[in-house]
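Observations on the model geometry
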Amino acid sequence: MTVTTPLVNGTSYCTVTAYSADSYKQAIDFYSKFLSLEDLTSNAQEQSTTISNGSISIKIQLKENPQQQSQVANQLEQLKAMEKTQDWRSHVQESLVFSTANILINKETLTALQYPTQSYPSELFPMELYTLDPLGNVIGVTSTKNAISTKPTEPPAQKKAKFASGLPSKVHSFTDLSYRMKTTDNYPSLPKTTNEKNKKAIAVMTSGGDAQGMNSNVRAIVRSAIFKGCRAFVVMEGYEGLVRGGPEYIKECSWEDVRGWSAEGGTNIGTARCLEFRERAGRLLGAQHLIEAGVDALIVCGGDGSLTGADLFRSEWPSLIEELLANKRISQDQFDKYKHLNICGTVGSIDNDMSTTDATIGAYSALDRICTAIDYVEATANSHSRAFVVEVMGRNCGWLALLAGIATSADYIFIPEKPATSSEWQDQMCDIVSKHRARGKRTTIVIVAEGAISVDLTPISPADVHKVLVDRLGLDTRITTLGHVQRGGTAVAYDRMLATLQGVEAVNAVLESTPETPSPLIAINENKIVRKPLVESVRLTKEVAAAIQAKDFKKAMSLRDTEFIEHLKNFMAINSADHNEPKLAADKRLKIAIVNVGAPAGGINSAVYSMATYCMSQGHKPYAIYNGWSGLARHESVRSLDWKSMIGWQSRGGSELGTNRNTPEEADIGMIAYYFQKYQFDGLVIVGGFEAFESLNQLEKARESYPAFRIPMVLIPATLSNNVPGTEYSLGSDTALNALMEYCDVVKQSAASTRGRTFVVDVQGGNSGYLATCAALAVGAQASYVPEEGIPLPQLQQDIETLAESFESAKGRGRNGKLILKSTNASKALGATDLANVITAEANGRFDAKPAFPGHVQQGGLPSPIDRTRATRFAIKAVDFIEEQQQTMASVRAADDEFNADDKDVSATATVLGVKRSHIVFSSIRQLYDYETEISLRMPKVIHWQGTRAIADHLVGRKRVD
Ligand SMILES: Nc1ncnc2c1ncn2[C@@H]1O[C@H](COP(=O)(O)OP(=O)(O)OP(=O)(O)O)[C@@H](O)[C@H]1O
Ligand SMILES: O=P(O)(O)OC[C@H]1O[C@](O)(CO)[C@@H](O)[C@@H]1O
Ligand SMILES: [Mg+2]
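Residues numbered from 1 in each chain as written. Chains lettered and ligands numbered in written order. Predicted model: local features only at pLDDT ≥ 70, side-chain atom pairs only at ≥ 80, totals over all residues.

An unreviewed UniProt entry annotates the protein as ATP-dependent 6-phosphofructokinase of Naumovozyma castellii. Comment text from UniProt for the protein, heading Cofactor (unreviewed entry), reads "Mg(2+)". Under the UniProt heading Pathway (unreviewed entry), the entry covering the protein gives this text: "Carbohydrate degradation; glycolysis; D-glyceraldehyde 3-phosphate and glycerone phosphate from D-glucose: step 3/4." (UniProt positions renumbered as here; feature names shortened; annotations may be inferred.)

Have a look at this one:
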């Protein structure tokens, strides 16, 4: 596929190639129908047809080639086979995406033409829709609008799909409060089944060790099932409940039953480790009880064991029901009706040991408990200059120990995937700890995963480690076993969101399932919720355990996901490196500068610490620019970073280097170039938000005049507003979200105690509604108002009525604290106090509203483990990028006179590092700044979290006004 002139959020002209006459005809038919393109021009000589609608043109050319055709046919077959299980886009090099005004119409067309489809973020609220054209290409449409544009999308009533030209939209000023994001577009009207008997019944259970976030998962499944016209059931006490059966254990659940669950720890429907279910007789009872309760689909939220059980249950199902029928324990009707077990897994376990998903529900909350505990221990360790051996959970998996090791910059970790002989680990640990002590560190933290072993599979206990630290190093050493504290408390924001989004997706998955569809497991890859085949995930997970048992540790490690391997490599590089023997040869060693720009955000210090220590392990010299660009321009505030002065930075909030919002041009770009020249920097890392983004753009544009800037430059996005173009995640946004969520939980409790009260919480985030939207999802706020939508009065009126109804129907039930989240910039006219007054007046005595201002609490205290560990990952990727781009830039510098800033390879060396869906990507600042940013609004043109709003709304029953 050749894509010419790709433009933001669409394309204006492209050429696709057919390798057979048949597929050529099919392609013409496909494109004209799918994209409603009516204007067809054929060129007989060239054997091509161009179809267009004035703003987009697609040229289909015929180049007969049987060999290529058979390759295309194969590819099509393969892609079709993975329609329900894998994201097509990760299997092709490029895909073509058009903007659409009404994605549902495109979907209808594809369904009518019987083309396969994939929808994102979900079937229920598709914002992106993909299909396969007859030529083997992945073609998509997106309704993700330029959220900043004041031009409303055409109403859904419009019969024909229309496509934007893809041209960057006009820049509008923020003073306009018109309806920028039309969330109602995401609410397809759902077919409601009126006949109770015909309603599908979806049950959810939690199983294995409890995990924070399980309650959010259950809540989302119950409410989503009801929202989609199904009956919702819960199975109490995990598989135990299935084995026992009856209405006491398999209960129908209402919308109200799960109110407020997101903010509760543990699992309210109970969990168990059930021995009987491991036996066929137990599973036979389970099958019988499910059928008796009339359950059509079962969603299991549990760890590797629970999902292994689920997988087995499904594979045995046909023989189980045969046996039940033969023994007359079920009727023929029941047999016919429940022939296929519709099952789905959402992975809930603190261990994070399930293959194919990056994170399991609960893992980041447990990590949060661990890091908080180690931060506490660090203080007392420092006072006494002691060593601590901390035991963390993780039966067969070292994820918790590894990530905690990175987040707290522990000295040494023990994980089951990478064992050593007893003498090896003793020597290595003592060597590293001694080096750290010699460099001036007063504390020693060693983390031992519960499942830690040596190469002969002998368990390594904290006592073994303690003995070595005392006997060989003479350290005053204590053991701290964290135990079930790790599974305690409420879920962090990430887990609440993950559990909620996965719950919604699980319901979609079971509703779409056919007898032929393999059972799915709902996973997450980077930032994207995906479906994976349950059988395959279970198989891979079991293989890890088997490889460990077989002492094939290389294989065990290779079976862990690539992110795990990357984390381990990073941990070793930054915490165990020998600075006297760096990795790179002398001629490859660089001088790399780092600067913080903008407001503080959680994880900034972790990024600096990781960048600098990684540089040291590679042999580079890390330089800090203190107090931003103005510090450099006015006071030459540059110093090389040394290891000792950074002790503790990994877990510290704020910005140790000092930060401000000045851009290079405001500070004096000429002076900055002068100092870059003076220090001969070979690379630059900028950590910050939108001002950092502006800074990178200015430096890149100034390369023409200042050769000192002709070096690789990487921006690591860090801002709680999460508004940096080129990434769906910025450092600090998770810390801020947790700070805001905790504040909201407390305020909600106060509202519940007062009865009949709503708090209007004022949320930071500049012109970005990200924080308000995610917090609304995590705390179950009744409504959120964001700058992208403004506060339309009819919607406000509707929200007040919905609140009044909700208070009325709750009738004295104490759990009903309500929240409304309002981004400060959602309205210029209405502050949180005004809004609360308006709501109180309009409620007319039915309830009242008070404002609440978390203010700079939202900038967070200590950075969250997510922000710390991602900071490390990003920082190391940034340094790697600078290393990789040296050659390009060295030749550019050598050929001074011929500098061509427009050369794509050159401009790509000024880049923004970010997460996009399931990948970490580098995007050139030029592309982002010139085409993908609404500069005056300090916002990306495309908002990636729009679908989250719809889900947050539907899970609280918010009614939307058109
Ligand atoms: N191979 C299996 N066959 C049938 N059922 C199983 C199997 N493995 C586990 N189960 C069921 O799942 C339950 C939970 O499994 P397990 O104790 O391994 O926890 P888990 O789901 O891995 O969660 P976690 O590790 O987070 O505690 C078991 O008690 C059992 O009922
Ligand atoms: O709560 P229990 O049954 O003692 O189980 C503890 C185990 O559960 C987990 O917390 C989760 O699997 C493991 O890390 C730990 O080994
Ligand atoms: Mg497990």
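Here the narrative resumes, following the displayed structure.
Time to look at the overall build of the protein. When helices and strands are counted, the protein shows 30 helices and 33 strands. Its C-alpha atoms give the protein a radius of gyration of 29 Å, within 12% of the compact-globule value 30 Å for 962 residues. Considering only C-alpha atoms, the protein reaches an extent of 80 × 75 × 70 Å along its principal axes. Taken over 962 residues, the protein has a buried fraction of 54%. When contacts within the protein are restricted to residue pairs at least 6 apart in sequence, long-range pairs at least 24 apart make up 77% of them. (Helix = DSSP H or I, 4+ residues; strand = E, 2+ residues; numbered from the N terminus. Rg over C-alpha atoms; globule rule 2.2 N^0.38 Å. Buried ≥ 20, exposed ≤ 12 C-beta atoms within 10 Å, placed from the backbone. Contact = placed C-beta atoms within 7 Å.)

Here the focus is unusual backbone geometry. Look at Ser385: it is not a glycine, yet its phi comes out positive at around 55°. A tally of 13 C-beta atoms within 10 Å means that Ser385 is categorised as partly exposed. Positive phi is not limited to glycine here, since Leu457 has a value of about 70°. With respect to the element layout, Leu457 can be found in the loop between strand S17 (444-449) and helix H12 (462-473). Residue Leu457 is classed as exposed on the basis of its 12 C-beta neighbours within 10 Å.

With that settled, the discussion passes to the site of ligand 1. Surveying the vicinity of ligand 1 reveals 18 residues, the closest of which are Gly208, Gly209, Gly303, Gly305 and Gly309. The element best represented in the shell around ligand 1 is helix H7 (residues 304-326), accounting for 6 residues. Residues that form the shell around ligand 1 fall into these classes: 4 nonpolar, 10 polar and 4 charged. (Near = placed C-beta within 6 Å. Nonpolar A, V, L, I, M, F, W, Y, C, P; charged D, E, K, R; others polar.)

So, about the UniProt feature "active site" (unreviewed entry) in the protein. UniProt's entry tags Asp351 with the feature "active site" (unreviewed entry), counted in the numbering of this structure. Along the chain, the position of Asp351 falls in the loop between strand S14 (342-347) and helix H9 (363-384). Among the residues examined, Asp351 registers 26 C-beta atoms within 10 Å and is labelled buried. Other than its neighbours up to four places away in sequence, Asp351 contacts Gly303, Met393, Gly394, Arg395, Cys397 and Trp399.

Each strand in a sheet pairs with another by means of backbone hydrogen bonds, the pair being arranged parallel or else antiparallel. In spatial order, the strands read S12-S11-S10-S13-S14-S19-S20; together these 7 strands make up an open sheet with mixed pairing. Of all strands in the sheet, those with a lone pairing partner are strand S12 (250-253) and strand S20 (528-533), marking the two edges. Recorded for the sheet is a direction-independent mean angle of 30° between the axes of neighbouring strands. Sitting on the sheet, helix H14 (residues 534-549) touches S14, strand S19 (520-525) and S20, and the angle it makes with S20 is about 85°. (Pairing = 2+ DSSP bridges. Axes fitted to C-alpha atoms, helices over the stretch in contact; angles between N-to-C directions.)

This brings us to the UniProt feature "binding site: Mg(2+)" (unreviewed entry) in the protein. If you check UniProt for "binding site: Mg(2+)" (unreviewed entry), the listed places come out as Asp304 in our numbering. Tracing the backbone through its elements, the reader meets Asp304 in helix H7. Ignoring sequence-local partners within four residues, the contact set of Asp304 consists of Ser349, Asp353, Met354 and Thr541.

Below, the discussion takes up the sheet that holds strand S9 (residues 138-142). Taken in spatial order, the 4 strands line up as S6-S9-S8-S7 in an open sheet, and their pairing is mixed. Each edge of the open sheet is held by one strand with a lone partner, namely strand S6 (95-99) and strand S7 (117-120). When the angles between neighbouring strand axes are averaged without regard to direction, this sheet yields 20°. Bridging between S7 and strand S8 (residues 128-132) involves 4 bridges; their strand directions are antiparallel. Bridging from a neighbouring strand, Gln118 pairs with Tyr130 of S8. Packing of helix H3 (residues 103-113) onto the sheet brings it into contact with S7, S8 and S9, and relative to S8 it is tilted by some 25°.

Taken together, Gly209, Gly303, Ser349, Ile350, Asp351, Met393, Gly394, Arg395, Glu450 and Arg487 make up all the residues around ligand 2. Across the shell around ligand 2, the residue classes break down as 2 nonpolar, 4 polar and 4 charged. Of the domains in this structure, domain 2 (201-359 + 491-543) and domain 3 (363-487) are the two that each give at least three residues to the shell around ligand 2. (Domains from an automatic or database assignment.)

Further remarks concern H12. Structural remark: α-helix, 3.6 residues per turn; residues separated by three or four positions point the same way. With 12 residues, H12 extends 16 Å between its outermost C-alpha atoms, agreeing within 8% with the 16 Å of an ideal straight helix rising 1.5 Å per residue. Listed in full, the buried residues belonging to H12 are Pro462, Val465, Val468 and Leu469. Buried residues of H12, viewed axially, fall in a sector of 125°; they line one side. Those residues of H12 that are exposed and angled more than 90 degrees off the buried face are Ala463 and Asp471. Looking at the buried side of H12, the elements it contacts are strand S15 (387-392), helix H11 (422-438), S17 and strand S18 (477-481). One or two residues past the end of H12 sits Gly474, with phi positive at roughly 65°. (Expected span 1.5 Å × (residues − 1). Arc of directions from axis to C-beta.)

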